[in-house]
Amino acid sequence: MKKLVWLITLVLVLTACGSTDKVNEGFPTVDLEDVEALQKEGAVVMDVREVDEYNEGHIRSAINLPLSQLQDGERAGLDQEQKYIVICRSGSRSQTASEILHKEGYDVTNVSEGMSTWRGPVE
């Protein structure tokens, strides 16, 4: 019985560890408070909200490339040598956008939260 409980525990731990890797797909995810430091290191903020959302207020110097356009293959203005910090309203679209771009060789960092909780300056 003890062996069975140990085996089930081991399987659950290994399954949990495997699912974490799938969520991140090999790229980092950071909190909002890390964004400004990454910008200072040269990373560009990519806001993947729709144009109207972006125009309502965005992080200073952020570029706008909506997830809908990324999904349609739009990459105009992107440089695979540039590091990007990917943000959206709440963290869901940025995760998807980061997965797309990472698979294509872009250096991306996903932001776990989004503009709905951003307290820094906006344009």
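Since the model is a prediction, treat every value here as computed from it, not as a measurement. (Residues numbered from 1 in each chain as written. Predicted model: local features only at pLDDT ≥ 70, side-chain atom pairs only at ≥ 80, totals over all residues. Heavy atoms only, no water.)

(A) Representation of the pattern of salt bridges in the model. Per the counting criterion, the structure on display carries 3 salt bridges. Arginine 93 serves as the salt-bridge partner of glutamate 53, at 2.9 Å between the closest nitrogen and oxygen. Here glutamate 53, found in helix H3 (residues 51-55), pairs with arginine 93, found in helix H5 (residues 92-103); they are 40 residues apart in sequence, far enough to count as distant. Note that glutamate 104 and arginine 75 form a salt bridge whose closest N and O atoms lie 2.7 Å from each other. Taken together, the residues span a long stretch of sequence, with glutamate 104 in the loop between H5 and strand S5 (107-111) and arginine 75 in the loop between helix H4 (67-71) and strand S4 (83-87) at a distance of 29 residues. (Salt bridge = Lys/Arg side-chain N within 4 Å of Asp/Glu carboxyl O. Helix = DSSP H or I, 4+ residues; strand = E, 2+ residues; numbered from the N terminus.)

(B) Here's a closer look at the side chain of histidine 58. As for its placement among the helices and strands, histidine 58 is situated in the loop between H3 and strand S3 (63-64). Look past the residues within four positions of histidine 58 in its chain and what remains in contact with it is Asp47, Arg49, Met115, Pro121, Val122 and Glu123. (Contact = heavy atoms within 4.5 Å.)

(C) The arrangement of the side chain of arginine 49 in detail. Assignment of secondary structure puts arginine 49 in the loop between strand S2 (44-47) and H3. Looking at arginine 49, its side chain comes within polar contact range of the main-chain oxygen of glycine 57, at 2.7 Å. (Polar contact = N/O pair within 3.5 Å; in protein donor to acceptor, adjacent residues only side chain to side chain.)

(D) How the structure looks around the sheet that holds S5. The strand order across the open sheet built from 5 strands is S1-S5-S4-S2-S3, with neighbouring strands paired in parallel fashion. Because the sheet does not close on itself, it has two edges, and the strands there are strand S1 (29-30) and S3. Relative to S5, S1 is paired through 2 bridges, and the arrangement is parallel. Looking across to S5, one finds that valine 30 is bridged to valine 111. Taken strand by strand, H5 contacts S1, S2, S4 and S5, and its axis lies near 170° from that of S5. (Pairing = 2+ DSSP bridges. Axes fitted to C-alpha atoms, helices over the stretch in contact; angles between N-to-C directions.)

(E) Structural detail: the environment of tryptophan 118. Within the secondary structure, tryptophan 118 is located in the segment after S5. It is 9.2 Å that separates the C-alpha atoms of tryptophan 118 and histidine 58, two residues lying 60 residues apart in sequence. Setting aside chain neighbours within four positions, we find tryptophan 118 in contact with Leu32, Val35, Glu36 and Ile59. Polar contacts involving the side chain of tryptophan 118 include one to the main-chain carbonyl oxygen of glycine 120, which spans 3.0 Å.

Don't take any of this as a statement about function, it's just geometry.
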